[in-house]
Amino acid sequence: MKTVLSENDKYLLEKKIVRAEEQSKSQIVLATVIRSDSYADIPWKAFALGVSVSGLFALAANLFSPEWIPEIAVLVAVVVMLSTGAVLALLTIFVPEFARLFLNESHAESEARQYAESLFLSRQLFLTKHRTGILLLISLFEKKVVIIPDSGISDHVSIVDIQRIITLMKAPLGRSEFRLAMEIAIDELTKIIEPLTADDTTGNELSNRIIEEKGV
């Protein structure tokens, strides 16, 4: 499985999580997923585009070459259209950058959040004494970041705070500096949560290991 964090990156991030949790008394969990959904519609969108564009070219070629025998022209047009559509559909399967061209922004946002919420539940990140878990997920294919605070701190980590943190992460993520982006997020979360936590200490309730999943 493709990973975007080296062993050294993970080691440094896990040490940073320990320090941040000691300061904020929260439980920070970092995760990456290659793809939050299979997006079965994307190859079909590419196929439809390939058929449509090649069909227009075939029509234009027929108009400017009237000497073609109609039956042959139709056969050639069908073959070209289907072949072009098939090639574009295959490209979306094997070339993520090309597939992303057919990805709707709101759909990507929705799927990344849905995956993060599912991960929060499946990993039982809610099992902390004061419900102070917080998940930060980077969905690689969608190029989306999702931050989910548990109920014990959700009233203090506002949507504005979350959006500001995500905005700060965009520049390093654009340069594929994933560790730096996560470090920025940890620092900002610690600043927000630190003044709001109780005095009692519950220890390390959730694993500090970085979660890396292939996804759907």
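In case you missed it, the structure is sitting above this.
How each quantity is defined
- Along each chain, numbering runs from 1 in the same order as the chain's sequence is written.
- In view of the model being predicted, local features appear only for residues whose pLDDT reaches at least 70, and side-chain atom pairs are presented and counted only at 80 or more, with totals across whole chains, interfaces and linings using the full set of residues.
- Only hydrogens and water are set aside; all other atoms, that is, all heavy atoms of the structure, feed into the side-chain values.
- Using a 1.4 Å probe on the protein chains alone, a residue whose accessible area is under 20% of its type maximum counts as buried, one over 50% counts as exposed, and one in between counts as partly exposed.
- Helix and strand labels come from DSSP, where a helix needs a run of H or I of at least four residues and a strand needs a run of E of at least two; each type is numbered from the N terminus.
- We call two strands paired when DSSP finds no fewer than two bridges between them.
- We define a polar contact as two N or O atoms separated by no more than 3.5 Å, with the added condition that, inside protein, one atom must be a possible hydrogen donor and the other a possible acceptor, whereas residues neighbouring each other in sequence contribute only through side-chain atom pairs.
- Residue contacts are defined here by distance: any two heavy atoms, one from each residue, within 4.5 Å place the two residues in contact.

In terms of burial, strand β3 (residues 144–149) is a largely internal element, six of the six residues being buried. Residues Lys144, Val146 and Ile148 line one face of β3 and the alternating positions Val145, Ile147 and Pro149 line the opposite face, and both faces are buried. Connecting strand β2 (residues 133–139) to the antiparallel partner β3 that follows it, the hairpin turn spans four residues, and Lys143 within it adopts a positive phi of roughly 55°.

So, about the side chain of Glu188. Inspection of the secondary structure assignment puts Glu188 in helix α7 (residues 178–193). Only 2.8 Å separates the side chain of Glu188 from the side chain of Arg164, close enough to count as a polar contact. Those residues in contact with Glu188 that sit more than four places away from it in its chain are Arg164, Ile165 and Leu168.

Bringing the pairing of β2 into the picture now. Side chains on a regular strand alternate between the two faces of the sheet. Judged by how many residues are buried, β2 sits mostly within the fold: seven of seven residues are covered. Here β2 shows a buried face lined by Gly133, Leu135, Leu137 and Ser139 and a second buried face lined by Ile134, Leu136 and Ile138. Across seven bridges, strand β1 (residues 27–35) lies against β2 in parallel orientation. Residue Val33 lies in a different strand from β2, and its bridge partner there is Ser139. The sheet contact formed by β2 and β3 spans six bridges and is antiparallel. Counted as the bridge partner of Ser139 is Lys144 from β3.

Just distances and angles here, no functional claims.
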